[in-house]
Protein chains: 2
Amino acid sequence: MKTIYQPPFQEWEQLIKRPTIKTESLNESISMILNQVKLRGDEAIRSFTSLFDEVQLTDLQVNQEELKASSKLVSQEIKQAIEVAASNIKKFHQSQVHTEEVIETTDGVNCWRKSVGIERVGLYIPGGTAPLFSTLLMLAIPAQIAGCKQIVLCTPCNKQGKVNEVVLYAAQYLGIDTIFKIGGAQAIAAMAYGTESVPQVYKIFGPGNQYVTKAKELVQTQGVAIDMPAGPSEVLIIADEQSDAEFIAADLLSQAEHGIDSQVVFVTTSTKKIEEVNEAINKQLEELPRKELAKQTLNNSLMVEFATLKECIAFSNAYAPEHLILNIDHAEQYVDLVVNAGSVFLGAYSCESAGDYASGTNHTLPTNGYAKNYSGVSVDSFVKKITFQQLTKQGLQNIGKAIEVMAEAEQLIAHKNAVSIRLKKLSNE
Amino acid sequence: MKTIYQPPFQEWEQLIKRPTIKTESLNESISMILNQVKLRGDEAIRSFTSLFDEVQLTDLQVNQEELKASSKLVSQEIKQAIEVAASNIKKFHQSQVHTEEVIETTDGVNCWRKSVGIERVGLYIPGGTAPLFSTLLMLAIPAQIAGCKQIVLCTPCNKQGKVNEVVLYAAQYLGIDTIFKIGGAQAIAAMAYGTESVPQVYKIFGPGNQYVTKAKELVQTQGVAIDMPAGPSEVLIIADEQSDAEFIAADLLSQAEHGIDSQVVFVTTSTKKIEEVNEAINKQLEELPRKELAKQTLNNSLMVEFATLKECIAFSNAYAPEHLILNIDHAEQYVDLVVNAGSVFLGAYSCESAGDYASGTNHTLPTNGYAKNYSGVSVDSFVKKITFQQLTKQGLQNIGKAIEVMAEAEQLIAHKNAVSIRLKKLSNE
């Protein structure tokens, strides 16, 4: 790992840069896929699935038998783990539901907001080597709490036309049964436009490869909302002299195993800790099945030393990491200094894996510096907040003059008139 | 206005369609403007301002003298109106601030969220014939409540290099003093990339013409967040036999005066009311300075009759209007039927103008059917919600097994190891 000692502020901008991922070259091919699905529906889906996933599908939808069968294929251990995780995720996300009070802004002028679940949402769960059933929990549970009426799940199947059994079990466990064996850009297109089989949705959630990401970016310009822009996963760990180097190394490696575009940053006040962590990494790395991948990631990664913890956190705010681990004593005292981060882990025993799976917080988080301007997924992501207002006669009389004056100053006379005509009627009553 | 009686459900899709606005042709020219500003900063801004706004600017920023002078140029009446509106907007938006509680999802596993203001935000206020100082109130007040540290305002100046005095007065009243005399796509570019004069921001808010809209759409794909996708303004009014036709006509006209792409829809259970409203429109129209504009809008607009109020609201949900007026008695009884709408106005005296200016609700709302998947602007729009978690030793022991099992099932062994290494140390303690 590249190691830098006490970089001056003017060098930070260079240090916090993520690798630029150019995806313009995909515009044309992904637009073609989107258009084909829009025009030819299921037929196009079948063609692309045959082409990219090398499987001929008759039914695009997972049937009830497949869904039920999943329960027999999943170990008791995994079932129990899912139960623990789902219970915590539910508890935390349930706490995000607020009934907002009615505010009387002026006598007779009552205003309030009401959260209403987005009626139809689409969840995308990637396939590939690792079936991300944890992401299904992270998306479906807040969608259900939000009251989304229709939840559509797309996930690719293998060459035998089967969807991973743990993903199916998790779906069944949560009561999600509208599941399609569709992956890639064609899955995003199916949910964005709707096909004969796949219901159209208003917002699409979930991670994916560059094709999925590009498809989400494109449908967003066509009126479909998406969870957030995508980017490679990342962690920034802050530690001092007292921190356990083995824990730090394990957390850095857990990020590094995601893929070679993952970002791993270690920031510390201790030169000695840099040495210890390097040593621990080398030791732990040997045991990992994905060690080659992790090694490559570490080669692109960064260790930075600063004189004080305050500077460490200032650097982290400039970087705006998806995950921030404050592996320091009394980490809670530093919470108010954190301005830009997706999810923050406090103390030696709050490893990122906890939030990735089972503590209850959401793991769908802003990356690539987007923690400066986006929040992670929560129940908020699945609702619209509609404002309501009710004015009594007296209420309109109280603020009517202000409205008339402002409308006239903006040269919107019909806006003014909508008030004047009512005030006139009231004055005649 | 086109009038349709009791259309069957299968015809709704056609009726709720908005006119498609093709903006692909702008991609190239707006990208060019963005790139020039990115490369040449203030110099490019000055060139475009000279070209499009026909004014040669030396200082791009509004100076303290201009800001102070605005107070002398604005009438006492307008000042008082701004005070009333700002007070109500503050009161309502202040109520959107919650301190969320810490949730112990499992013994020793504490999770919470904290709202942190987006550090730097940019507000765009269009110029043109009507200076939209009301929009400045609607954007700046929630930004200030959210705790955004830097609020940058861009608004075009006239050919004499002056920004509208009411916009400046409103800014000064709120304590906003970083104001640039820049309009159009170049303003969006300046805030997205930063220039020598204009600070770079992380999220851009505000309405604008098709160039501004396209620029916002393009910078959004480059990492800058935006408030929401844009579209023409619209109102849908639901009324019955008892409603006052003059009020309905006035509200329809207040939407129609916005511009010929505005959408105006009247939905009712009463054939007689359709006649009365048409009559009232014809009468009121004659008094309006923008009557030609309003007439054209009305020609593209729609009146629909249904047998029941429930059907009227179902149709409104399918349309998903930016503004929905329930001009009926006991409107509050129908609130739970409303699923898709930006802002809802209940009863005869809650005219849209109230929410546009002074009741306290925000007037920056999802249009073009986006009320299905987006919320209006609120304090939420100006914050990121960061999740925090702190696990005690016991907490990690309680959920550690679940994390290990799930990580292993997802083939992420380093994720598992980050827990195992900690559990092992604890078992040796």
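Residues numbered from 1 in each chain as written. Chains lettered and ligands numbered in written order. Predicted model: local features only at pLDDT ≥ 70, side-chain atom pairs only at ≥ 80, totals over all residues. Heavy atoms only, no water.

Here is the rule we go by: UniProt positions are given in the numbering used here, feature names are shortened, and annotations may be inferred rather than shown by experiment.
Named according to an unreviewed UniProt entry, chain A is Histidinol dehydrogenase originating from Myroides pelagicus. Taken verbatim from the UniProt record of chain A, the Catalytic activity (unreviewed entry) comment is "L-histidinol + 2 NAD(+) + H2O = L-histidine + 2 NADH + 3 H(+)". The Function (unreviewed entry) field of the UniProt record for chain A holds the comment "Catalyzes the sequential NAD-dependent oxidations of L-histidinol to L-histidinaldehyde and then to L-histidine."

## Things to note about the sheet that holds strand β9 (residues 234-239) of chain A
Let me state the cut-off plainly: In this analysis, strands are considered paired if DSSP registers two or more bridges between them. Under the DSSP-based scheme used, a helix requires at least four consecutive residues in state H or I and a strand at least two consecutive residues in state E, with every element numbered from the N terminus. Working convention: axes come from line fits to C-alpha atoms, limited for helices to the stretch in contact. Angles between N-to-C directions cover 0 to 180 degrees. A contact between two residues is defined here by any heavy atoms of the two lying within 4.5 Å.
Spatial ordering of the open sheet is given by β1(A)-β11(A)-β10(A)-β9(A)-β12(A)-β13(A)-β14(B)-β3(B)-β2(B), a layout of 9 strands whose pairing is mixed. The open sheet has two edge strands with one neighbour each: β1 (2-5) of chain A together with β2 (103-106) of chain B. Neighbour-to-neighbour, the strand axes of this sheet turn through a mean angle of 20°, independent of strand direction. Here strand β12 (residues 323-327) of chain A runs beside strand β13 (residues 343-346) of chain A; their pairing, made up of 4 bridges, is parallel. Note that in β13(A) the partner of L324(A) across the bridge is V344(A). Here helix α5 (residues 76-94) of chain A sits on the sheet in contact with β2, β3 (109-117) and β14 (383-391) of chain B, set at roughly 165° to β2(B). Where helix α15 (residues 393-409) of chain B meets the sheet, its contacts fall on β2, β3 and β14 of chain B, and the angle it forms with β14(B) comes to roughly 95°.

## Thoughts on the UniProt feature "binding site: Zn(2+)" (unreviewed entry) in chain A
All names here are of chain A. Selection criterion: The cut-offs for exposure are 20% and 50% of the maximum accessible area for each residue type, with area from a 1.4 Å probe on protein chains only; residues under the lower value are buried, those over the upper are exposed, and the others partly exposed.
As annotated in UniProt, the feature "binding site: Zn(2+)" (unreviewed entry) corresponds to Q255, H258, D356 and H415 in the numbering used here. Over a stretch of 161 residues, the named residues are scattered through the fold, their C-alpha atoms separated by up to 55.8 Å. Checked against the element boundaries, Q255 lands in helix α10 (residues 245-256). Q255 sits in the buried class, given a relative accessible area of 0%. Residue classification places H258 among the partly exposed positions, given a relative accessible area of 34%.

## Digging into the environment of V84(A)
Its place among the elements puts V84(A) in helix α5. Residue V84(A) is classed as partly exposed on the basis of its relative accessible area, which comes to 31%. A sequence separation of 25 residues divides V84(A) from V109(A), and the C-alpha atoms of the two residues are 46 Å apart. If sequence neighbours within four positions are ignored, V84(A) has contacts with I399(B) and A402(B).

## Regarding the interface of chain B and chain A
Filter applied, for reference: Summed over both partners, the accessible area (1.4 Å probe) lost when two parts come together is defined as the buried area. Salt bridge, as used here: a side-chain nitrogen of Lys or Arg that lies within 4 Å of a carboxyl oxygen of Asp or Glu. We call Asp, Glu, Lys and Arg charged. Ala, Val, Leu, Ile, Met, Phe, Trp, Tyr, Cys and Pro are nonpolar, and the rest, Gly among them, are polar.
Each partner contributes residues to the interface: chain B has 121 residues there, and chain A has 121 residues. Taken over both partners, the interface formed by chain B and chain A buries close to 10900 Å², and the fraction arising from carbon and sulfur atoms is 59%. At the junction of chain B with chain A, the criterion picks out 12 salt bridges. Split by residue class, the side of chain B that touches chain A holds 60 nonpolar, 34 polar and 27 charged. For strand β14 (residues 383-391) of chain A and strand β13 (residues 343-346) of chain B, the ladder comprises 4 bridges, and the chain directions are parallel. Note that in β13(B) the partner of Q389(A) across the bridge is F345(B).

## Here we look at the state of the cysteines
All names here are of chain A. Applicable threshold: Here, the term disulfide refers to a pair of cysteine sulfur atoms separated by no more than 2.5 Å.
With the rule as written, the count across this model stands at 0 disulfides over all chains. Looking at C154, it has no disulfide partner, and the nearest cysteine sulfur is the one in C157, 11 Å off. Looking at C154, the relative accessible area reads 0%, which means it is buried.

## Structural notes on the confidence of the model for chain A
Test applied: The quantity called pLDDT is the predictor's confidence in a given residue, expressed from 0 to 100.
Residue-level pLDDT values for chain A average 95, and 100% of them are 70 or greater. Scoring the predicted complex yields pTM 0.96 and, for the interface, ipTM 0.96.

## Some points on the pattern of salt bridges
Evaluation of the coordinates by the stated rule reveals 48 salt bridges over all chains. When the shortest N-O distance is used, the salt bridge between D380(B) and R113(A) registers 3.3 Å. One end of the pair, D380(B), is in the loop between α14 (352-357) and β14; the other, R113(A), is in strand β3 (residues 109-117), on a second chain. Of the residues examined, D380(B) reaches a relative accessible area of 23% and is grouped as partly exposed. Taking the shortest distance from any N to any O, the salt bridge between E276(B) and K273(B) comes out at 3.0 Å. A residue pair is termed a helical-turn pair when its members lie 3 or 4 positions apart in one helix, as E276(B) and K273(B) do in helix α11 (residues 271-285) at 3 residues. The exposure class assigned to E276(B) is partly exposed, which follows from its relative accessible area of 26%. One network of salt bridges, with partners in common, ties together E100(A), R113(A), K385(A) and D380(B).

## Description of the relation of the copies chain B and chain A
Stated formally: Least-squares superposition of the copies uses the C-alpha atoms of those residues scoring a pLDDT of at least 70 in each of them.
With an axial shift of 0.0 Å and an RMSD of 0.0 Å, the rotation relating chain B to chain A amounts to 180°. On this basis, the relationship between the two copies can be described by a two-fold rotation axis. Counting the interface residues of chain B, we find that 100% of their copies in chain A are interface residues as well, pointing to one common contact surface.

## Notes on the packing of aromatic side chains
Residue and element names in this part refer to chain A. Counted only if it meets this: Paired rings are identified among Phe, Tyr and Trp, the last through its six-membered ring, by centres lying within 6.5 Å, and are further divided according to the angle between planes into stacked (under 30 degrees), edge-to-face (over 60) and tilted (the rest). We call a charge positioned over a ring when the NZ of a Lys or the CZ of an Arg lies within 6 Å of the ring centre and within 35 degrees of the ring normal.
This model, assessed by the stated rule, comprises 20 aromatic pairs over all chains. Measuring from centroid to centroid gives 5.9 Å for F48 and F52, while their planes differ by 5°, and the two rings are stacked. One end of the pair is F48 and the other is F52, both in helix α3 (residues 42-52) and 4 residues apart, which spans about a single turn. Here F48 falls in the buried class, since its relative accessible area comes to 6%. Members of the aromatic cluster, joined through ring pairs, are F9, W12, F306 and F315. Taking the ring centre of Y319 as reference, the NZ or CZ of R18 above it sits at 3.6 Å.

## Structural notes on the side chain of S381(A)
Residues and elements named next belong to chain A. You can see S381 is positioned in the loop between α14 (352-357) and β14. By relative accessible area, S381 is classed as buried at 13%. In contact with S381, not counting residues within four places along its chain, are I118, K203, F205 and G376.

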